[in-house]
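Geometric and topological summary
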Amino acid sequence: MAKPNKKGPTRTVDIFCVKCKTQLFKYRKGGKGALVKCFKERIVEDHTQTPCICPGCGQEFARDTLVRGTPSLKMIGGKVSFR
């Protein structure tokens, strides 16, 4: 499988915790679908102190993994929203 596009998408979205509405990070998202994974190289601003843990409520919202050999965060369904 192909690696993510190095140039990357230009659309930036804000990602929030569903439970407490705390902003988690700004992310350069590609495509129109749901947020399933976040490639770490596309995260513009990270507002978390501990990776994958919401700073507001302490809920785990993602898991650290490799997707196509690239470090990424695999989102846990229903834990994050984006605008």
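Below, the structure is looked at part by part. Note that this is a predicted model, so its numbers are computed, not measured.

For the rest of this paragraph, the subject is unusual backbone geometry. For Lys-21, which is not a glycine, the phi torsion comes out positive at approximately 65°. Judged by its relative accessible area of 57%, Lys-21 falls in the exposed class. Located in the positive-phi region is Arg-68, a residue other than glycine, with phi close to 55°.

Let us look at the packing of aromatic side chains. Using the criterion set out here, one finds one aromatic pair in the structure. A cation over an aromatic ring shows up here: Arg-83 above the ring of Phe-16, its NZ or CZ 4.3 Å from the ring centre.

Looking at where Lys-29 falls in the secondary structure, it is placed in the loop between β2 (23-28) and β3 (37-39). Buried and unpaired, Lys-29 has Asp-14 as its nearest opposite-charge partner, separated by 14 Å. From its side chain, Lys-29 meets the backbone oxygen of Gly-33 in a polar contact 2.9 Å long. Excluding its chain neighbours within four sequence positions, the residues that come into contact with Lys-29 are Pro-9, Arg-11, Val-13, Ala-34, Leu-35 and Phe-82.

In this section: the sheet that holds strand β4 (residues 43-46). Taking strand neighbours across the sheet as the criterion, the four strands line up as β4-β2-β1-β7 in an open arrangement whose pairing is antiparallel. Unpaired on one side and paired on the other, β4 and β7 (80-82) mark the two borders of the sheet. Within this sheet the neighbouring strands show an average axis-to-axis angle of 25°, counted without direction.

Glancing now at the pattern of salt bridges. Counted by the stated rule, this structure contains two salt bridges. When the shortest N-O distance is used, the salt bridge between Asp-14 and Lys-26 registers 2.8 Å. Pair noted here: Asp-14 is in strand β1 (residues 12-17) and Lys-26 is in strand β2, with a separation of twelve residues, a long-range link.

Another aspect to go through is the environment of Cys-17. If you trace the backbone, Cys-17 turns up in strand β1. The exposure class assigned to Cys-17 is buried, which follows from its relative accessible area of 1%. Taking the C-alpha atoms as reference, Cys-17 lies 11 Å from Thr-48; in sequence the two are 31 residues apart. Apart from the residues lying within four places of it in its own chain, the contact partners of Cys-17 are Thr-22, Leu-24, Cys-54, Cys-57, Gln-59 and Lys-79.

Another point: the pairing of strand β6 (residues 70-75). If a strand is regular, its side chains alternate between the two faces of the sheet. Note: β3 against β6, three bridges, orientation antiparallel. Note on β6: the bridge partner recorded for Lys-37 is Lys-74. Note: strand β5 (residues 62-67) against β6, six bridges, orientation antiparallel. Residue pairing for β6: Leu-66 is matched across the bridge by Pro-71. Between the antiparallel neighbours β5 and β6 lie two residues, among them Arg-68 with a positive phi of about 55°.

Calculation rules
- Note on numbering: residues in each chain are counted from 1, in written sequence order.
- Given that this is a predicted model, residues contribute local features only at a pLDDT of at least 70 and side-chain atom pairs are listed and counted only at 80 or more, while totals for whole chains, interfaces and linings are drawn from all residues.
- For side-chain calculations, the full set of non-hydrogen atoms in the structure is used, while hydrogens and water are omitted.
- Exposure is judged per residue with a 1.4 Å probe applied to protein chains only, and the accessible area is read against the type maximum: over 50% gives exposed, under 20% gives buried, and values in between give partly exposed.
- Stacked, edge-to-face and tilted labels apply to pairs of Phe, Tyr and Trp rings (six-membered ring for Trp) whose centres lie within 6.5 Å, assigned for plane angles under 30 degrees, over 60, and everything in between, in that order.
- Ring-over charges, as used throughout, are those where CZ of Arg or NZ of Lys falls within 6 Å of the ring centre and within 35 degrees of the ring normal.
- Numbering of helices and strands runs from the N terminus, with a helix taken as a DSSP run of H or I at least four residues long and a strand as a DSSP run of E at least two residues long.
- We count Lys and Arg on the positive side and Asp and Glu on the negative side, and we leave His and both chain ends out.
- A carboxyl oxygen of Asp or Glu within 4 Å of a side-chain nitrogen of Lys or Arg is what we treat as a salt bridge.
- N or O atoms closer than or at 3.5 Å make up a polar contact, with two conditions inside protein: a donor-capable atom paired with an acceptor-capable one, and, for residues adjacent in sequence, both atoms drawn from side chains.
- The contact criterion used is simple: two residues touch if any of their non-hydrogen atoms lie within 4.5 Å.
- The criterion for strand pairing is that DSSP finds at least two bridges linking the strands in question.
- Note on definitions: angles span 0 to 180 degrees between N-to-C directions of axes, and those axes are lines fitted to C-alpha atoms, for helices only across the stretch in contact.

These values are about where atoms sit, not about what they do.
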